[in-house]
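Residue-level listing of the chains:
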Amino acid sequence: MNLLLTLESMKFYKIKHERFIQVAFVLLYLINLAPFLLPIGDPDFSVYMTAFEKLLTDPAGPIPMPSVGNLIMMGMVIVASAINLLVTIAYAALMVGEHAQMSGKLILKAFLKGLPQLLLLTVLMIVPLLLSSLLLMIPVLYFVSNFYLLPLLLLSDGNKLTDAMQNSIKMTKGFKIMILLQMFFLSIFLSLPESLILSFLPVSFITSVLIPQFFIVLQTFSQGRLMGIYYLFLVKKVPVMIPSKPQK
């Protein structure tokens, strides 16, 4: 893993549209807090978990179901997670567009043009990726490592979906393991201060919601910057802090 690359990825504020990113960070933070603040969902799953534990000891018992409030809560968290992923890709697209000296209007136009294809691919991959949990998530790792550059090839280069898939596989050749390890290392690196802060504070709304959601948003933007850096290096051949010899 490259520590310098990890540190560079955390500098998501280093972008021309700095004020836009600051506002986006706050808005995304509020979106991630919404499931816990809005009164329509129920974040308390204790009743369901207790019933589920009873089912493990007595398989003949009734199958527990989350309450309506629990289901609403789960739905809002899933929506927030989907928005986080979209923001990760959007940040990377903005970073790449700025490097190409594109105006904000042109970056947005290219993003919206390629977005339907990206959404189509996401819908098609939902079931296979969910089923991958039965295979130790290996298909997910394969998909991410091979198609890591696909979103930006669609949203920034204007590739067609099939071309973007082929180009992503080709351009990540020799770097697939490095990409996965760097993503994982960045995630772990950002979790360290979170764990340290939480260890010193008593259990409260702040430690259970406010702080974890802040670091989720920080992960979102940092992973987006990492994606942008890899794209510029592997596609545009822009020198960055990545070892010159690819991993085989």
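Not measured: the values here are computed from a predicted model.

It is worth spelling out helix α4 (residues 68–99) at this point. For α4, with 32 residues, the first-to-last C-alpha span of 47 Å sits near the 46 Å given by 1.5 Å per residue. Once α4 ends, the next one or two residues include Gln101, with phi positive near 65°.

It is worth spelling out the nonpolar core at this point. Ranked by internal contacts, the top residues of the largest apolar core, which has 53 residues, are Leu150, Phe221, Tyr230 and Tyr231. Among the elements that take part in this core, helix α10 (residues 205–234) stands out by supplying 14 residues, more than any other. Setting aside its immediate chain neighbours within four residues, Tyr231 contacts Val96, Leu149, Leu152, Leu153, Ser156, Asp157 and Lys236.

Our focus in this paragraph is the pattern of salt bridges. Counting across every chain of the model gives two salt bridges. Salt-bridge contacts for Glu8 lead to Arg225; the nearest nitrogen and oxygen are separated by 2.9 Å. Remark: Arg225 occurs in helix α10 and Glu8 occurs in helix α1 (residues 3–9); sequence separation between them is 217 residues. Classification of Glu8 as buried rests on a relative accessible area of 15%. Between Lys236 and Asp157 there is a salt bridge, with its nearest N and O atoms 3.7 Å apart. Within this pair, whereas Lys236 is found in the segment after α10, its partner Asp157 is found in the loop between α7 (150–155) and α8 (161–171), the two being separated by 79 residues in sequence. We classify Lys236 as partly exposed; its relative accessible area is 43%. Judged by relative accessible area, which is 31%, Asp157 ranks as partly exposed.

Let's shift gears to the side chain of Glu194. For Glu194, the position within the fold is in helix α9 (residues 176–200). Despite its burial, Glu194 pairs with no opposite charge; the closest candidate is Arg225, at 20 Å N-O. Apart from the residues lying within four places of it in its own chain, the contact partners of Glu194 are Ile211, Pro212 and Phe215.

Conventions used here
Residues numbered from 1 in each chain as written. Predicted model: local features only at pLDDT ≥ 70, side-chain atom pairs only at ≥ 80, totals over all residues. Heavy atoms only, no water. Helix = DSSP H or I, 4+ residues; strand = E, 2+ residues; numbered from the N terminus. Expected span 1.5 Å × (residues − 1). Core = buried A, V, L, I, M, F, W, Y, C linked by side-chain atoms within 4.5 Å. Buried < 20%, exposed > 50% of the residue type's maximum accessible area, 1.4 Å probe, protein only. Contact = heavy atoms within 4.5 Å. Salt bridge = Lys/Arg side-chain N within 4 Å of Asp/Glu carboxyl O. Lys, Arg positive; Asp, Glu negative; His and termini not counted.

Function-wise, these values are silent; they only describe arrangement.
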